[in-house]
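Here is how the chains run, residue by residue.
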Amino acid sequence: MSHMLDRLASGMAAFVGTVTAWHKQGTVLEDGISYLEAIEHGGLDFEVSKAQNFVKVEQEGGKWVQGEWVTSGYVEATNSFSVVRSDRTGSDSIIGTVGRVWEPLQNRHAFGVLETMVDDGTIKIETAGCLRGGGQVWMLVQFNKNKILAEAEEWLASHPDVDTEAALATLHELVEEVAPFALVTNDHTGGAMARIFETWVRVVCANTMEAAERSQKGLSLAVSHTSNVTENYKVGAAKIFTSMARRYAEFAGTRDLLKKTILPSDIGYSTSPFRQHVLDVAVPVHQLEEKIRRREGTGHTVAALDRAHDKRGEITRLWTQGMGHTGDYSAWEAWQGVVQYYDHDSELKSADSSRIASLYNGSLGKIKSRIGSSLVGYAQEAGASELPF
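The structure presented is a predicted model; accordingly, all values stated were derived computationally and were not measured.

**A word on the overall build of the protein chain**
Then step 1. Along its length, the protein chain carries 13 helices and 10 strands.
Then step 2. Looking at the protein chain as a whole, 48% of its 389 residues are labelled buried.
Then step 3. Sequence separation of at least 24 residues holds for 63% of the intrachain contacts in the protein chain that already meet a minimum separation of 6.
Then step 4. For the protein chain, the computed accessible surface area is about 18800 Å², with 50% contributed by carbon and sulfur atoms.

Rendered as structure tokens:
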């Protein structure tokens, strides 16, 4: 079956959604899905553990064991474990093979971060399910638009110079355009990391899961199954969801201003606004170029400059070819390209928990903020609007 959905003990497909999916499998709850209903009907109510693997080997000369002459035996397989479901027995319980450092992220921990947000109405669950015998599980959630608007009002209250009524009207339009969905996934096979990311794909099966992963853009978290997997996932998830909601609020006071401001498309000159306010802030190259010009650079300097120009080229490409862009060379699309570059291409890795803080609160967050402020400053000087960033 192409949908690859697991089966519950009742024989029902391990899937729940608010509308009937193409495969017509699972449970449909049109009035909404509670957290416990997602766990139950999505087939997520199980735990996994690691079991040591053993290899059968021949024993030279054999030996006498309990009245029998044995010529073979089993030895512990180096760095090889099976991932076993707690609710099943026999071969059906084995859903993956992993190494010694792999640690499970239990479903109750992966999805538990959503429970309070579902209960307080911040998000609603659209779909949930279990694939490939439990190897992959997911929940697809959507932000409550009223919660986003409430977050915007709080943010706008701290910026009295912003035209609140106009900004909220813009935000309503923006929220409708962007459709803030997030996919929360967990993997028990050893073949992938646990992830949270923005998506525009309604995930209902294996095929749509793969489509969402291929087309993923926007904020993204990827956590390795190592010793700190549960804590890293919890910390990262909180920052992801907070950043999603706050980002829409912050856009409200700047979107119209930046959309009205068209930047010259020629970036060949040092005075180019896009070069000054975006590229030179995001990826400065002046010092590297100067070192090479003075012949003080090394092979590492040249390689670093090449990487820097590659980054600048990608940010430039996203200016007019990023997701949802129309190619009108606006300052808004320049900012969107920066957000897409950093939030999509800079996926978070659990091996470095400081990376999470860096992206949203630290150095990378400051780079994005500086670029946004610089673009708005340019737009204000150009006379497009008087709205502050």
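**Description of helix 10 (residues 299–321)**
Then step 1. Counted at 1.5 Å a residue, the expected span for helix 10 with its 23 residues is 33 Å, and the 33 Å between its end C-alpha atoms agrees.
Then step 2. Turning to helix 10, its buried residues number three or more, namely Thr-301, Leu-305, Ala-308, Arg-312, Ile-315, Leu-318 and Trp-319.

**Quick look at the sheet that holds strand 8 (residues 181–187)**
Then step 1. Taken in spatial order, the seven strands make up an open sheet running 2-1-6-7-8-9-10, and their pairing is mixed. The strands lining the two open edges of the sheet, one partner per strand, are strand 2 (27–28) and strand 10 (220–223).
Then step 2. In this structure, strand 8 lies alongside strand 9 (residues 194–199), joined through five bridges in antiparallel fashion. In the strand pairing of strand 9, Val-184 is matched with Ile-196.
Then step 3. Contacts between helix 2 (residues 107–119) and the sheet are confined to strand 6 (123–131), strand 7 (136–143) and strand 8, with strand 7 contributing the most and set at about 15° to the helix.
Then step 4. Together, strand 6, strand 7, strand 8 and strand 9 form the strand contacts of helix 5 (residues 206–214), whose direction differs from that of strand 9 by roughly 75°.

Criteria and thresholds
Residues numbered from 1 in each chain as written. Predicted model: local features only at pLDDT ≥ 70, side-chain atom pairs only at ≥ 80, totals over all residues. Heavy atoms only, no water. Helix = DSSP H or I, 4+ residues; strand = E, 2+ residues; numbered from the N terminus. Buried < 20%, exposed > 50% of the residue type's maximum accessible area, 1.4 Å probe, protein only. Contact = heavy atoms within 4.5 Å. Areas by Shrake-Rupley, 256 points an atom, 1.4 Å probe, with all protein chains shown as cover. Expected span 1.5 Å × (residues − 1). Pairing = 2+ DSSP bridges. Axes fitted to C-alpha atoms, helices over the stretch in contact; angles between N-to-C directions.

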